[in-house]
Amino acid sequence: MRPVSYLRPDGVDDAVQAVTADPGSHFLAGGTTEVDLLRQHVLAPRRLVDINRLPLAGIEDLPDGGVRIGALARMSEAAASPAVRERFPMVSQALELGASAQLRHMASMGGNMLQKVRCAYYRDGESPCNKREPGSGCSALHGVSRTHAVLGVSDHCIATHPSDVAVPLAALDARIHTRGVHGERSHTVDEFFLQPGATPHREHPLDHGELITAIEVPALPMARRSRYLKVRDRESYEFALVSVAAAVDTDDGAISGVRIALGGVAVKPWRARRAEEVLLGAPATDETFERAAREELAAARTTAMNAFKPDLARRTLVRALRALTTTGTVTGRQG
Ligand SMILES: Cc1cc2nc3c(=O)[nH]c(=O)nc-3n(C[C@H](O)[C@H](O)[C@H](O)COP(=O)(O)OP(=O)(O)OC[C@H]3O[C@@H](n4cnc5c(N)ncnc54)[C@H](O)[C@@H]3O)c2cc1C
């Protein structure tokens, strides 16, 4: 057995300093990723620095219509927050469609951003995996890859980013705020998640010991009618095969504002910028929606097992856009 020591500081600076000073220390929030992977010998911290006493659990309405979600707010708290539900329904829908009720009560918003991929080769702790052991190879490329990514993939990694809530946060240009020994920084969600390229072990720009303190969602009036659609193999307790977070505004039948991000199909929460370009100013018709979806997915690179994903993503995106521009009613469930 390998011993793991434990520290529970009260202050943000103490926590940051403790982890920064020791490469073998990891932060511990809800533990729903960290403890799983420690038990599976995928992560091997020498010390866990429990951050649950830090004053980072608040959810604050911002006067301009945005919302600031503390890193230690639980997924269930963020989902239930009146400001999140009313101003950004796709955020609360994505949270409620993730994991299980018990997990959502434990799991923190900061930890959610840093959850690890669900690729079985990463998680078995043994197979060649460039993310876990740089340079060892990617077993998924020629292995079991039905759930893997088709956008943003490289010859070194095709793991899908698993977070649901990071998808609407990418569409909303939310910012991730951090504190490190050199001060505070912030990144948009799109900047925060890195594509694998030749360095899949580098998943984000954080230094070791840099703490996520909050996620800030800027005001976006059209997001009040936004939706998150999640398609998966079973109705609950399952990761997305494809998901779509979308908000659309129309003016006299034309699209006057649009935000879209895709989940389940890409190596990071995927802001669908090409689809947004096609849609903006165009008539809100099925023909436009089809063209936008096809152009966004044109760069998809599939394996024999996940070749169904671009078509599933196209159909899910068209369905979300159609629903948002007609009656506005669409359930968050199966597509
Ligand atoms: C069975 C199961 C099903 C799941 N299904 C889904 C799903 O459908 N959709 C979905 O989105 N997620 C799903 N998840 C993932 C779950 O949402 C994450 O495990 C959870 O959000 C992680 O949060 P945590 O507080 O438990 O993080 P922890 O496990 O405590 O930490 C995770 C990682 O982040 C680091 N960390 C934590 N907080 C901070 C911080 N503030 N600053 C810097 N580093 C930090 C830790 O060091 C660790 O490396 C599932 C998990 C399980 C176990």
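Higher on the page you've got the structure.
All values reported here derive from a predicted model rather than from experimental measurement.

A.B. asks: Please clarify how the site of the ligand should be interpreted in this entry.
C.D. replies: Among the 31 residues in the neighbourhood of the ligand, the closest are listed as Phe-27, Thr-32, Thr-33, Ser-108 and Asp-164. Between the ligand and the protein, one listed contact pairs an oxygen atom with a backbone N or O atom of Glu-34 at 2.8 Å. Contacts to the ligand include Lys-230, whose side-chain N or O atom sits 3.3 Å from an oxygen atom. Expressed as a share of its isolated accessible area of 980 Å², the protein-covered part of the ligand is 93%. Each residue belonging to the shell around the ligand can be placed in one class, and the counts come to 15 nonpolar, 10 polar and six charged.

A.B. asks: Help me understand the sheet that holds strand β2 (residues 25–28), please; the structure alone is not making it clear to me.
C.D. replies: Pairing in this open sheet of three strands is parallel, and the strands run β1-β3-β2 from one edge to the other. In this open sheet, the two strands that pair with only one neighbour each are β1 (5–7) and β2. Neighbour-to-neighbour, the strand axes of the sheet open up by a mean angle of 25 degrees, direction not taken into account. One ladder, built from four bridges, connects β2 with strand β3 (residues 47–50); its direction is parallel. The residue bridging His-26 from the neighbouring strand is Leu-48, located in β3. Along the sheet, helix α1 (residues 12–20) contacts β1, β2 and β3; its crossing angle with β2, the most-contacted strand, is approximately 145 degrees.

A.B. asks: Sorry, what's going on with the layout of surface pockets here?
C.D. replies: To find leftover empty space, a probe the size of one water molecule is rolled over the atoms. There is about 390 Å³ of room inside the second largest pocket. Lining the second largest pocket are 24 residues, and of these Arg-118, Thr-147, His-148, Thr-160 and Phe-239 lie nearest its centre. Residues belonging to the lining of the second largest pocket are distributed by class as follows: 11 nonpolar, eight polar and five charged.

A.B. asks: It is not clear to me how the nonpolar core should be interpreted in this structure. Could you clarify?
C.D. replies: Where a protein is soluble and globular, its nonpolar side chains tend to be buried together. Ranked by internal contacts, the top residues of the largest apolar core, which has 41 residues, are Met-109, Met-113 and Leu-169. In terms of residue count, the dominant contributor to this core is helix α9 (residues 166–171) (five residues). Met-109 has contacts with Ile-69, Gly-70, Ala-71, Ala-73, Arg-74, Met-75, Ala-78, Leu-95, Val-165 and Ile-215, leaving out every residue within four places of it along the chain. With 31 residues, the next largest nonpolar core counts Val-258, Ile-260, Ala-320 and Leu-321 among its residues.

A.B. asks: What exactly am I supposed to notice about the sheet that holds strand β9 (residues 227–231) here?
C.D. replies: Backbone hydrogen bonds are what pair the strands of a sheet, in a parallel or an antiparallel way. Across the sheet, four strands lie side by side as β9-β10-β11-β12; this open sheet has antiparallel pairing. Taken across any chain shown, the strands that pair with only one partner, and hence form the sheet edges, are β9 and β12 (270–271). Where strand β10 (residues 242–251) and strand β11 (residues 254–263) come together, nine bridges link them in antiparallel fashion. Counted as the bridge partner of Asp-251 is Ala-254 from β11. The sheet strands contacting helix α13 (residues 309–325) are β9, β10 and β11, and the helix crosses β10 at an angle near 35 degrees.

A.B. asks: Hey, could you run me through the side chain of Ser-92 in this one?
C.D. replies: Take Ser-92: it is sitting in helix α5 (residues 89–96). Of the residues examined, Ser-92 reaches a relative accessible area of 4% and is grouped as buried. Contacts of Ser-92, omitting those with residues within four sequence positions, involve Ala-79, Val-84 and Arg-85.

A.B. asks: How should I be thinking about the pairing of β10 in this particular structure?
C.D. replies: Taken residue by residue, a regular strand's side chains alternate between the two faces of the sheet. Where burial is concerned, most of β10 is hidden: seven out of the 10 residues are buried. Relative to β10, β9 is paired through five bridges, and the arrangement is antiparallel. Its bridge partner lying in β10, Tyr-228 is registered against Ala-245. The antiparallel pairing of β10 with β11 creates a hairpin that spans two residues between the two strands, and Asp-252 there sits at a positive phi of about 55 degrees.

A.B. asks: Help me out: how do you make sense of empty space enclosed by the protein in this one?
C.D. replies: Evaluation of the coordinates by the stated rule reveals two cavities of 30 Å³ or more. Roughly 170 Å³ of internal volume is contained in the largest cavity. Lining the largest cavity are 18 residues; nearest its centre among them are Lys-131, His-161, Phe-193, Glu-203 and Val-267. A per-class count over the lining of the largest cavity returns 11 nonpolar, five polar and two charged. By volume, the second largest cavity amounts to about 70 Å³. Cys-119, Cys-129, Cys-138, Cys-157 and Ala-159 are, among the 14 residues lining the second largest cavity, the residues nearest its centre. The class makeup of the residues in the lining of the second largest cavity is 10 nonpolar, three polar and one charged.

A.B. asks: Got a minute to help me understand the environment of Lys-309 in this structure?
C.D. replies: Within the secondary structure, Lys-309 is located in helix α13. Each C-alpha atom, one on Lys-309 and one on Ala-174, is 27 Å from the other, the two residues being 135 residues apart in sequence. Contact partners of Lys-309, with chain neighbours within four places excluded, come to Arg-146, Thr-147, His-148, Val-150, Thr-160, Leu-241, Val-242, Gly-264 and Val-265. Of note is the side chain of Lys-309, whose polar atom sits 3.4 Å from the backbone oxygen of Leu-241.

Cut-offs applied
- Residues numbered from 1 in each chain as written.
- Predicted model: local features only at pLDDT ≥ 70, side-chain atom pairs only at ≥ 80, totals over all residues.
- Heavy atoms only, no water.
- Near = heavy atom within 4 Å.
- Polar contact = N/O pair within 3.5 Å; in protein donor to acceptor, adjacent residues only side chain to side chain.
- Areas by Shrake-Rupley, 256 points an atom, 1.4 Å probe, with all protein chains shown as cover.
- Nonpolar A, V, L, I, M, F, W, Y, C, P; charged D, E, K, R; others polar.
- Pairing = 2+ DSSP bridges.
- Helix = DSSP H or I, 4+ residues; strand = E, 2+ residues; numbered from the N terminus.
- Axes fitted to C-alpha atoms, helices over the stretch in contact; angles between N-to-C directions.
- Contact = heavy atoms within 4.5 Å.
- 1 Å grid on protein atoms, 1.4 Å probe; cavity = no way out; pocket = protein on both sides within 12 Å on 5 of 7 lines; lining within 4 Å.
- Points joined across faces, edges and corners; volume = space filled by probe spheres on them.
- Core = buried A, V, L, I, M, F, W, Y, C linked by side-chain atoms within 4.5 Å.
- Buried < 20%, exposed > 50% of the residue type's maximum accessible area, 1.4 Å probe, protein only.

By themselves, these figures tell us nothing about what the structure is for.
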